[in-house]
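Commentary on secondary and tertiary structure
For reference, the chains in residue letters:
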Amino acid sequence: MKSEEKSEIERKIFGISWNVFLLGIVSFLNDMSSEMINPIVPSYLMDVLGEGKLASGSIMGAIESMSSLFKVAFGYVSDRFKKRKAFVFAGYTISTFSKGALAFARYWWDFLTWRALDRIGKGVRTAPRDALIAESSEKGKSGKSFGFHRMMDTLGAVTGPLVAIGLMKLLAGFPKETAYRYVFLLSAVPGIIALFVIVLFVKDKGKEVKKKITGISALRDRDLQLFLGVVAIGALGRYSYAFTLWKAEELGYTVVQGMAFYALFNLIYALSAYPMGAYSDRFGKKRMITLGFGVAALASLTFAYARSLSTLLAAFVLYGLYIAIEDTVPRAYMADLAREYEKGTVIGAYHTVFGVFVFPASVIAGWLWKSYSLTYSFLFSAVMDAVALLLMLLLRER
């Protein structure tokens, strides 16, 4: 039995464990499903449901933030049971069902309900899945594993909008609202395939629960607490992706053209996540996170003053680089600092702090857009990212 377990652990593909590879496939399919609908959601809110700027920004912020309220809780529970797979499967199941159900939403409140349920599903699965990735990774190579996972996740995000563009072209003869509803319904198909992959192939890696856990939690470490404070400030600069699409619309581009910009952003993200994660193992994760905040500030400034196609393209490229770093390296950083018995809890704490502050970020951005212009929304984000960068420089390297 032990030899079988050892061969399973040592089995690798593309330099990463088989389990991480499979979780990458699952994320590819799920994100394809999500990104089939994400690019049309901003237009759906304003054009079909008739919501205004502040309300739309607040709804998008609430959607982005919702999942984070559950991440630390389910990370903690998965630590206690050491059964990550069950939570991963449950979370993806909830999200797949809720995305298909959007086809039947008629008002802002039921639309928000289904989107919130999708985010709850993400909250259930994210910390246990990230802990499973950490447990399936070779020591000292967590950045590489998380980078691969984020790359696969984002390749799905590249594929999803392209599939949505094709579907919108095929459904061009239908009313816009009907076409949107068909896309929502079909988005559940890749998610269903992902569920089969989890059930049939993904393996739990958690060790047996110890009757008595000893040691002090990494969450009591002062430097880690300060880092989570910086994460909160950086999250205030993390506006919803919807604002980048509204910027493209403001410059005169159509919804379909906005999907192409969104696909470009995700392509840059996908191509950057793996090398950024792998390089952070050698360069230092704290320094890479600090660099990410600098790129974030530059991206926001570029969006703020974008007036031409070339500048807008540059903004989406910088945005992709920023998200590739900040969605990859902090997870690996937290996994490295966590004790073996608390990876789900510690990683969940990061996601929860981040998500709680993402909601006011989009509310503030929506208010600035309504009161002044989108330029001020992006300038506010640039200031928050610059502050986070300066604070990161004051933290000790771990």
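The structure contained in this document is the topic of the report that follows. (Residues numbered from 1 in each chain as written. Predicted model: local features only at pLDDT ≥ 70, side-chain atom pairs only at ≥ 80, totals over all residues. Heavy atoms only, no water.)

What to know about the overall build of the protein
For the record, the criterion: Helix numbers and strand numbers start at the N terminus; a helix is a DSSP run of H or I with at least 4 residues, a strand a run of E with at least 2. Pairs of residues are marked as contacts when any of their non-hydrogen atoms sit within 4.5 Å. In short, Shrake-Rupley with a 1.4 Å probe defines the accessible areas, and a residue's cover is counted only from the protein chains shown.
Each helix and strand in the protein was counted, giving 18 helices and two strands. A separation threshold of at least 6 residues defines the contact pool for the protein, and within that pool the share at least 24 residues apart is 85%. For the protein, the accessible area works out to roughly 16,400 Å², and carbon and sulfur atoms hold 66% of it.

As for helix H18 (residues 374-394)
Rules: Expected span of a helix: the number of residues minus one, times 1.5 Å. Think of it in three bands: with a 1.4 Å probe and only protein chains considered, a residue is buried below 20% of the maximum accessible area for its type, exposed above 50%, and partly exposed in between.
For H18, which comprises 21 residues, the first-to-last C-alpha distance of 31 Å matches the rise-based estimate of 30 Å (1.5 Å per residue) to within 8%. Buried within H18 we find Leu 374, Thr 375, Ser 377, Phe 378, Ser 381, Ala 382, Met 384, Asp 385, Ala 388 and Met 392. Next to the buried residues of H18 lie helix H11 (222-235), helix H12 (242-250), helix H14 (285-304), helix H15 (309-326) and helix H17 (343-371).

Brief notes about the pattern of salt bridges
Opposite charge on two side chains permits pairing when their charged atoms draw close. What counts here: We count a salt bridge whenever a side-chain nitrogen from Lys or Arg sits within 4 Å of a carboxyl oxygen from Asp or Glu.
Taken as a whole, this structure holds twelve salt bridges when the rule is applied. The partner of Arg 84 in a salt bridge is Asp 79, with the nearest N and O atoms 2.8 Å apart. The residues Arg 84 and Asp 79 share a single accessibility class, namely buried. Note that Asp 327 and Arg 238 form a salt bridge whose closest N and O atoms lie 3.0 Å from each other. Note that Asp 327 is positioned in the loop between H15 and helix H16 (329-337) and Arg 238 in the loop between H11 and H12, a separation of 89 residues in sequence. Neither Asp 327 nor Arg 238 differs from the other in exposure class; each is buried. The structure contains a network of salt bridges with shared partners spanning Asp 79, Arg 84 and Glu 135.

Quick word on the environment of Ala 103
Here Ala 103 is to be found in the loop between helix H6 (84-101) and helix H7 (108-135). For the pair Ala 103 and Leu 185, spaced 82 residues apart in the sequence, the C-alpha separation amounts to 5.5 Å. Not counting residues up to four positions away in its chain, the partners in contact with Ala 103 are Arg 181, Phe 184 and Leu 185.

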